[in-house]
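# Observations on the three-dimensional arrangement
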Amino acid sequence: MGLCFSRKAVIKNRPSKRISNHSAAVPGGVGGSSKWARIRSSSSRREKFDESVIHERALAAAILFQQQMQQQNGGAVQFDRSASLRYPTGDVKLEDLETSHFVLVHGGGFGAWCWYKTIALLEEGGYKVTAIDLTGSGVHSFDTNNITSLPQYVKPLTNFLEGLGDGEKVILVGHDFGGTCISYAMELFPHKVSKAVFIAATMLTSEQSTLDMLSQKADSNNLMQQAQIFLYANGNTHPPTAIDFDKSLLRDLLFNQSPAKDVALASVSMRPIPFAPVLEKLSLSDKKYGSVRRFYIETQEDNAIPITLQESMINKSPPEKVFQLKGSDHSPFFSKPQTLHKFLVEISRISST
């Protein structure tokens, strides 16, 4: 969710060990440049593409409807595993792990829906998985323009962690702006977080805001400047209330290596990003945040948070290990789900010795 903040407005009332995969980019991926092919030619190919988009939009609607119904009935959010790809995971000795519970936190504009492949893969390996919809995201029914603070935005996550049983721990996974969100939660509940995984995510230092970090490379991110649309729910004489993206640029910005069906899912599911939380500076202490083991997964073909910016964050606050996801765009849960799954399982198995 790299942000450059050029004003295109719509008014609305220690060096870490590095591990890489060696797989090539997904065939058929479309190149671009840093966040959030065109089908050429024949009418028959266009018709097939249109049918695919219609099918995937129906899938997106079905997933969201299912989530809404389950939440209304007081049930936990679940995903239809039949709608996702399945990959063999091998035998995982879950009894040997400190925790086998992953908590997945989406990035700016995304929702719990974006993890559907990752959820299916982890659950098939025996892991417990919880995907969080942050305030105003996914199926969480709240107007993004009315979010005025980071604690308010992260409340669904902090509520979940607060409700964990005594001695229960989880592996927190944050993507994009979700990195800021899990960092905030790590400071509040370090004793409930076994490990933290940052996936193409904002990994800040203390007294730094997400805007501070992203502004470091703002001038070089022309695609972001073109794609972002500021929303002014309080009028354009007041600060922005949210940030949206030009849907025609979503593929190049966020999904340049992702399958068309997942781009279609995102196009009908993404929501604006609240502006106020991006401005807040985090207070992170060595005693709390610093006590949690951190891991970073780099996305090498990322046009939203470029690899140079990811490297800058890693160098300023080195995690325990860095994993390099080659051939991945900003959304590896779509473009490289198998390798992402492999890395998450590997991280869960890393012992403290």
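Note that the structure is predicted; figures quoted are calculated from it, not measured. (Residues numbered from 1 in each chain as written. Predicted model: local features only at pLDDT ≥ 70, side-chain atom pairs only at ≥ 80, totals over all residues. Heavy atoms only, no water.)

## Digging into the pattern of salt bridges
A complete count under the given rule lists five salt bridges for this structure. A salt bridge links Asp-262 to Lys-117, with the nearest nitrogen and oxygen atoms 2.7 Å apart. Here Lys-117 lies in helix H2 (residues 116-124) and Asp-262 lies in helix H8 (residues 260-267), a separation of 145 residues in the sequence. (Salt bridge = Lys/Arg side-chain N within 4 Å of Asp/Glu carboxyl O. Helix = DSSP H or I, 4+ residues; strand = E, 2+ residues; numbered from the N terminus.)

## Thoughts on helix H4 (residues 178-188)
Most of H4 is tucked away: nine of the eleven residues are buried. Residues Gly-178, Gly-179, Thr-180, Cys-181, Ile-182, Ser-183, Ala-185, Met-186 and Glu-187 constitute the buried set of H4. For H4, the secondary structure elements touched by its buried residues are strand S3 (101-105), helix H3 (150-162), strand S5 (170-175), strand S6 (193-199), helix H5 (210-214) and strand S10 (293-299). (Buried < 20%, exposed > 50% of the residue type's maximum accessible area, 1.4 Å probe, protein only. Contact = heavy atoms within 4.5 Å.)

## Describing the packing of H2 against helix H12 (residues 337-349)
For any two helices packed against each other, one specifies the inter-axial angle together with the distance between the axes. Viewed as axis vectors pointing N to C, H2 and H12 meet at an angle of 50 degrees, and their least axial separation amounts to 10 Å. By the angle class used here, H2 and H12 are oblique. As H2 packs across H12, the resulting crossing turns out to be right-handed. Of the residues in H12, those in contact with Lys-117, Thr-118, Leu-121 and Leu-122 of H2 are Pro-337, Gln-338, Leu-340, His-341, Leu-344 and Val-345. (Axes fitted to C-alpha atoms, helices over the stretch in contact; angles between N-to-C directions. Parallel < 35°, antiparallel > 145°, perpendicular 65-115°, else oblique. Left-handed = near helix turned anticlockwise from the far one by under 90°.)

## Brief notes about H3
Given 3.6 residues per helical turn, the α-helix brings residues three or four places apart onto the same face. Between its terminal C-alpha atoms H3 stretches 17 Å, which fits the 18 Å expected from 13 residues at 1.5 Å a residue. Bending of H3 peaks at approximately 55 degrees at the position of Pro-156. Buried within H3 are the following residues: Leu-150, Tyr-153, Val-154, Pro-156, Leu-157, Thr-158 and Leu-161. Structurally, H3 contributes buried residues whose contacts are with S3, strand S4 (128-132), S5, H4, strand S9 (273-274) and helix H9 (276-279). The opening residue of H3, the one whose side-chain oxygen lies 3.2 Å from the backbone nitrogen of Gln-152, is Ser-149. (Expected span 1.5 Å × (residues − 1). Bend = angle between axes of the 7 residues up to and from the residue. Polar contact = N/O pair within 3.5 Å; in protein donor to acceptor, adjacent residues only side chain to side chain.)

## Thoughts on the pairing of S5
Burial analysis of S5 places six of its six residues in the buried class, the great majority of the element. With burial as the criterion, each face of S5 is covered, one bearing Val-170, Leu-172 and Gly-174 and the other bearing Ile-171, Val-173 and His-175. Where S5 meets S6, six bridges bridge the pair, whose relative direction is parallel. Bridged to Ile-171 within S6 is Lys-195. At this point the chain moves from S5, through H4, to the parallel S6, and the crossover so formed is right-handed. (Pairing = 2+ DSSP bridges. Right-handed = clockwise from strand over helix to strand, strands pointing away.)

## Let's talk about the pairing of S3
Judged by how many residues are buried, S3 sits mostly within the fold: five of five residues are covered. Side chains of S3 alternate between two faces, with His-101, Val-103 and Val-105 and Phe-102 and Leu-104 buried alike. In terms of strand pairing, S3 meets S4 through five bridges, oriented parallel. Bridge pairing links His-101 to Lys-128 in S4. On the question of chirality, the crossover connecting S3 to the parallel S4 by way of H2 is right-handed. With four bridges joining them, S3 and S5 adopt parallel strand pairing. Bridge pairing links Val-105 to Gly-174 in S5.

## Regarding the nonpolar core
In this structure, Leu-157, Leu-172 and Ile-297 are the most contacted members of the largest nonpolar core, which totals 89 residues. Excluding residues within four positions of it along the chain, Ile-297 makes contact with Val-197, Phe-198, Ile-199, Ala-200, Gln-310, Phe-323, Leu-325, Leu-340, Phe-343, Leu-344 and Ile-347. (Core = buried A, V, L, I, M, F, W, Y, C linked by side-chain atoms within 4.5 Å.)

## Overview of unusual backbone geometry
The phi dihedral of Asp-176 falls on the positive side, at around 60 degrees, and the residue is not glycine. Within the secondary structure layout, Asp-176 lies in the loop between S5 and H4. At Ala-200, a position not held by glycine, the phi torsion is positive, near 45 degrees. Here Ala-200 shows up in the loop between S6 and H5.

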